[in-house]
Each structure stands twice: as structure tokens, then as C-alpha cells.
Amino acid sequence: MNQLSLEERLRLHGVSRRGFLKFCAATASLMALSPAMIPRIAAALENAKRPSVIWLSFQECTGCTESITRSHSPSLESLIFDAISLDYHHTLQVASGDAAEHAREQAMKDNWGKYILVVDGSIPLGNKGFSTIAGISNVDMLIETAKGAAAIVAVGSCAAFGGLPKANPNPTGAVSIDMIIKDKPIINVPGCPPIPVVMTGVLAHFLTFGTLPELDHLKRPKAFYGQNIHDRCYRRPFYERGQFAETFDDEGAKKGWCLFKLGCKGPTTYNACATTKWNGGVSFPIESGHGCLGCSEPNFWDAGSFYAPLSTPIGHVAQNAGYALAAGALAGAAIGFANKQKSSQAIEKHEEITVNDLIKGETK
Amino acid sequence: MQPLEKTGNILPLLHEIRHALEDLLATGQTMVIDLQAMPFAPSELVELKEILGVGEVSAELHALGKSTIQETAFSGAWWIVHFNIDEKMISQTIEICHIPAILMAQHADIQMGLQQLSSTLGGVSL
Ligand code: SF4
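Everything numeric in this text was worked out from a predicted model, so none of it was measured.

**Some details on the overall build of chain B**
Next up, step 1: Regarding its fold elements, chain B presents three helices and five strands.
Next up, step 2: Starting at the N terminus, the α and β elements of chain B follow one another as α-β-α-β-β-β-β-α.
Next up, step 3: Radius of gyration (C-alpha) of chain B: 19 Å, far over the 14 Å computed for a compact globule of 126 residues.
Next up, step 4: Projecting the C-alpha coordinates of chain B onto the three principal axes gives extents of approximately 70 × 40 × 25 Å.
Next up, step 5: In chain B, buried positions account for 36% of the 126 residues.
Next up, step 6: Counted over contacts in chain B with a minimum sequence separation of 6, partners at least 24 positions apart contribute 42%.
Next up, step 7: Each charge class in chain B can be summarised by its mean position, and for the 5 positive and 15 negative side chains these summaries are 6 Å apart.

**Focus: the sheet that holds strand β1 (residues 31–34) of chain B**
Residue and element names in this part refer to chain B.
Next up, step 1: With antiparallel pairing, five strands are arranged side by side in an open sheet as β1-β5-β4-β3-β2. Looking along the sheet, the strands with just one partner apiece sit at the ends: β1 and β2 (58–62). Each adjacent strand pair in this sheet contributes to an overall mean axis angle of 20°, direction not counted.
Next up, step 2: By the bridge criterion, seven bridges tie strand β4 (residues 77–83) to strand β5 (residues 89–96) in an arrangement that is antiparallel. Along β5, the bridge assignment pairs W78 with E95.

**Quick look at unusual backbone geometry**
With the exception of glycine, the majority of residues adopt a negative phi angle, and the majority of peptide bonds are in the trans configuration.
Residue and element names in this part refer to chain A.
Next up, step 1: Of note, the amide linkage connecting N168 to P169 takes the cis form, showing an omega dihedral of 10°.
Next up, step 2: Turning to its location among the elements, P169 is positioned in the loop between α9 (163–166) and β8 (174–175).
Next up, step 3: Here the residue pair C192 and P193 is connected by a cis peptide bond, since its omega of 0° sits within 30 degrees of zero.
Next up, step 4: In the Ramachandran plot, K219 falls in the positive-phi region, its phi being about 65° despite a non-glycine side chain.
Next up, step 5: With respect to the helices, strands and loops of the structure, K219 is situated in the loop between α10 (196–209) and α11 (222–225).
Next up, step 6: Take K219: its relative accessible area is 30%, and that puts it in the partly exposed class.

**A look at the packing of aromatic side chains**
Residue and element names in this part refer to chain A.
Next up, step 1: The tally for this structure, following the rule as stated, stands at nine aromatic pairs over all chains.
Next up, step 2: Taking the centre distance of 6.4 Å and the plane angle of 75° together, the rings of Y234 and F284 count as edge-to-face. Placement of the pair is Y234 in the loop between α11 and α12 (236–240) and F284 in the loop between α14 (273–276) and α15 (321–329), with a sequence separation of 50 residues.
Next up, step 3: With relative accessibility at 4%, the residue Y234 sits in the buried group.
Next up, step 4: Both rings, one in F248 and one in Y307, keep their centres 6.0 Å apart while their planes meet at 85°; by these two values the pair is edge-to-face. Linking F248 in the loop between α12 and α13 (251–254) with Y307 in the loop between α14 and α15, this pair joins segments that are 59 residues apart in sequence.
Next up, step 5: Judged by relative accessible area, Y307 falls into the partly exposed class, the value being 45%.

**Description of the domain arrangement of chain A**
All names here are of chain A.
Next up, step 1: Partitioning chain A into structural domains gives domain 1 (50–223) and domain 2 (230–323).
Next up, step 2: Taken together, the contact pairs 22 residues of domain 1 with 19 residues of domain 2.
Next up, step 3: Surface buried jointly by domain 1 and domain 2 totals about 1,600 Å² across both partners, of which 65% is contributed by carbon and sulfur atoms.
Next up, step 4: Contact with domain 2 buries surface across domain 1, with K166, I195 and R220 losing the most and accounting together for 29% of the total.
Next up, step 5: Here E297 ties to R220 by a salt bridge, and the two come within 2.8 Å at their closest N and O atoms.
Next up, step 6: At the junction of domain 1 and domain 2, the tally comes to five residue pairs in polar contact (both at pLDDT 80 or more).
Next up, step 7: For the side of domain 1 that touches domain 2, the secondary-structure elements that each account for two or more residues are α8 (156–161), α9 and α10.
Next up, step 8: A per-element tally of the side of domain 1 that touches domain 2 places α10 first, with three residues.

**Some remarks on the pattern of salt bridges**
Residues and elements named next belong to chain A.
Next up, step 1: Going through the model one piece at a time under the given rule, you end up with 12 salt bridges over all chains.
Next up, step 2: A salt bridge links E101 to R104; the shortest N-O distance between them is 3.1 Å. In this pair, E101 and R104 both sit in helix α6 (residues 97–110), three residues apart, roughly one turn of the helix.
Next up, step 3: The residue D216 makes a salt bridge to R220 at a minimum N-O spacing of 2.9 Å.
Next up, step 4: You can call D216 buried: its relative accessible area is 15%.

About the cut-offs
Counting restarts for each chain: residues are numbered from 1 in the order of the written sequence. Key to labels: chains lettered from A, ligands numbered from 1, both in the order written. Only residues with pLDDT of at least 70 get local features here, since the model is predicted, and only at 80 or more are side-chain atom pairs given and counted; chain-wide, interface and lining totals rely on the full set of residues. The side-chain figures draw on all heavy atoms in the structure; neither hydrogens nor water molecules are used. Per the convention used, a helix needs a DSSP run of H or I reaching at least four residues, while a strand needs a run of E reaching at least two, with both numbered from the N terminus. Radius of gyration here is computed from C-alpha atoms only, and the compact-globule reference equals 2.2 Å multiplied by the residue count raised to the power 0.38. Under the scheme applied here, a residue whose accessible area is under 20% of the maximum for its type counts as buried, over 50% as exposed, and between as partly exposed, the area being computed with a 1.4 Å probe on protein chains only. Throughout, a contact is declared for two residues whenever any of their heavy atoms are within 4.5 Å. We score Asp and Glu as negative and Lys and Arg as positive, and we do not count His or the chain ends. In this description, the location of a charge corresponds to atom NZ of lysine, CZ of arginine, CG of aspartate or CD of glutamate. In this description, strands pair whenever DSSP reports at least two bridges between them. To define axes, lines are fitted to C-alpha atoms, for helices over the stretch in contact only, and angles between the resulting N-to-C directions are given on a 0 to 180 degree scale. Think of it this way: a Phe, Tyr or Trp ring, Trp meaning its six-membered ring, pairs with another when their centres are within 6.5 Å, and the plane angle makes it stacked under 30 degrees, edge-to-face over 60, tilted otherwise. Note that the domain bounds reflect an automated or database-derived domain assignment. Here the quantity called buried area is the accessible surface, traced with a 1.4 Å probe, that two parts lose on coming together, added over both. Here, a salt bridge means any side-chain nitrogen of Lys or Arg that lies within 4 Å of a carboxyl oxygen of Asp or Glu. Any N or O atom pair separated by 3.5 Å or less is treated as a polar contact, with the protein-specific requirement of one donor-capable and one acceptor-capable atom, and with residues adjacent in sequence counted only for side-chain atom pairs.

Okay, here's the thing in C-alpha cells:
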């Protein structure tokens, strides 16, 4: 079964050649490729073999897995998901305990140098015991599994940038995947969670071309993160004319004016939400009346209040240099020291925030 | 919520279709416009559909969910929507061509149908 091409597998499920071409058309749209690429995609997918995927979940909330597996009956996402051999995913797999860990070791052995490693969640460096799987610390499991991977896909803002676990005061010393693994190609697919089709789009790209998509300076695939939300926002004409909603229920809000003053982070955020949208293309936050939170950008959690305009100064809430250094060193007392110092600073800062401040949206 | 203002993307898109139809006539060059790659205000796609109107041909495809293939009032410009089995839209395009490729019978399907017909005939005595 593993040796069958995608088209052969679809045919086994009673899907006609026409159905396959429809699948290719939707895949082109999914990968944000020009429709002119459809014949090439068809040719590549005809022969695509099933790559082995090992999925590791570290400090995360399972939201990314929820996002990608949300649909229950066959959809484009699930067909692409079917087209890979998901050999280890401890939330989804039936096996548990020793059998589960053996499945990972076996998949690594059988596909050494060729498997794709998908990771969601950040890695705690503060204390190895903060997060373990089968008694193995997250950092050890990552290093071990990354060794035989062809490439690593860091799914979600936690794996890509540290995400919520890394937010001030970062009690576990959480870091992103690329702070630890330096010798493998890494693709960041941030978002909290990422749009499901963006995750499957990256897998589809690998499946189709056997290569990694083109990446931006934050290692994000340009096809999905090359566009600025603000540039593609349908409320943009209001921004240009200076027509802003001042509260969530004023006249401007009702007329669909720009949400900049209500804290929209669209101007500094790169993601596909404004065009790909959510829930099968139904809507996206701005269309539903709420500003963009900027969840696909590094340190979005610490970038000031979600409800303060971008022009508001945010103070020193996100000092990450300490962790960048600590992650490079990866071990030893220095990390513990950095942690303590950082958390005591954070506690001091934290005590300055009152409930009133939170309501007003000022976290300076 | 009804935004009063639009993205203004409809007019350039209509010009793009006009250019593509000219190319189709002059050189036979076909073209696909991916509507999901462009920002539209919630009402704009409805408006675009109204402007393009309904032409002479409409077809429905049932493969991995439904697809609708509708010629617009401007012959040679087709509005094509693919849905998955959940009836969720997975792609929406405008194709400029004589006939959308997805409507053509495919070799592999013809071959399989032929085999089935032959085996049916094998068991039939009239
Ligand atoms: S709502 Fe946000 S993304 Fe849209 S125009 Fe206003 S600031 Fe830009």
C-alpha cells in the first residue's frame, strides 16, 4: 500500500481521473500556486509516494492537531493527510506506552534520512522534567528524532517561535525548535493555531515536488506568509480614509470600518487569513468584527494589549535575548540562573499590573 | 454587518477577464483566475457573479463532492466551483477557455469504463 502512488490510492477508493484532476486544481489553490501549475501538480502527484511522518507534541494545547484534523469526513485536508504515512502521533495513535515508543523508533529506522518530522509545542529548557513523554524529556526526544529527519516542520507558534509557553515570564524556559536544531531544514508554520490548509499545503508541496517551499526570513513558506493581512484586508479602504471603529458597538463598527484603533495587528502580521479564511472559507477574525491578534508573528502574546492600537508603546515586556543565548548553550547552571533572574524580573513587572490596567488594556 | 465600502477589486478583475477573452480569440491562450487568492468584501463576490451573469451552459460534476461549472453571460468565461464531500467549497475559479478541461472525458476513465462494458457484454446474451 505504501508503494502505491497517490492517484492509484485514490482510484482504489473509487475516485475517477476527473476526480483526481479536481483534487489537483484544489491543491494548486491550496498551495497558493498559479492555476497554470495544475498539470505539473497532476504529473508529480501521479507518482508521489507516501512519505513517512513522525509528529511530536511538546508544550502545546493540542489546538494545532485539532485544527488539522477538524474535519471528520473526506476533505482535501484529510485526503492529503491520508497521502502521508503518519507513523507516530501520540494524540492520534491507538498504540500507547512501549508500543507507541517502538512505533517511533521503528519508523525512524525504516525511513532514516527521509522522514518528515512535524513538531507542535515549544521545548522547556528550564528543567527537563517540566515536560516528558515516556520518561524522555522533550529536548532529548527532539534531538534524537531530528537526527534522521529529512526536514522539520514546526507547526504552530509554540514550535515556531516559543508561543504562549514562552510568553513573559516564561516559567519553563520555553524555546522554539530552531533554537535547538541547527543542522536540518526547518519550516515554520506559525499561527495559534495555523490555518489547517496552510499545514496541509506545506505537506502537499513536499508530496508534490519532493522539495521544501520557498521560505521568508522567519522560515515561513512565502506562499502563505508572503502577504500582509493589512494589504489584503477588505476593510483597507476605510483605513486609507481614516474611518475607524472606536468601540466594538459604535456606528463605525456597524458599518464595517477599520479596526486599527481597536488593536488590529493586521499591519504587522503576515498570514493567509484575509484570503484563505477559516472554516472552509467562511470568514476570518476581521470579517467577524475583531481585530487581528497577530498570532503568526513572534512573541505576539507579549506585543502589548490585543486591544491597544499598534502605535501604542509597549515597554520592555518581551526581552528574549537571554533565552536566545541560553538556548544556544542548551545545558548547565547558566540556564537555571538566567531563568531565575528572568522570572524574578517578571514577577516584579507582573505585580505592577492591576485589574484596572488589564481592563484598560495597558500592560506597560 | 454590511460594509458600505468595497475593496475595489471587481473592476480590475473584469478588465482581466476582458483581456483574457481577447487572448483566447487571438491565440487560443486559456487562463484561470483563482478567486480565493483575492480579497473581496463579503458582498463583492455576489456582485461579481451578478455582473457576469448566467450563460447557456451549466454542468454539474460529482467526483469527490460536487462541482458546478457555469458558463457566464460572456461566452468563454466559466465560473467553476469545487466542493468537497462535506459540501464545503474548496476552490472557486473563473476559467477562460472554449471548454473547461475538467468536463472532458479522461483516458483512464474511458479505459476503465470500456473494461466494464466489455465484461458486462460478456455476461449478456440478447
Ligand atoms: S482592519 Fe486591520 S488589517 Fe484591516 S485595514 Fe484595518 S488595520 Fe488593516
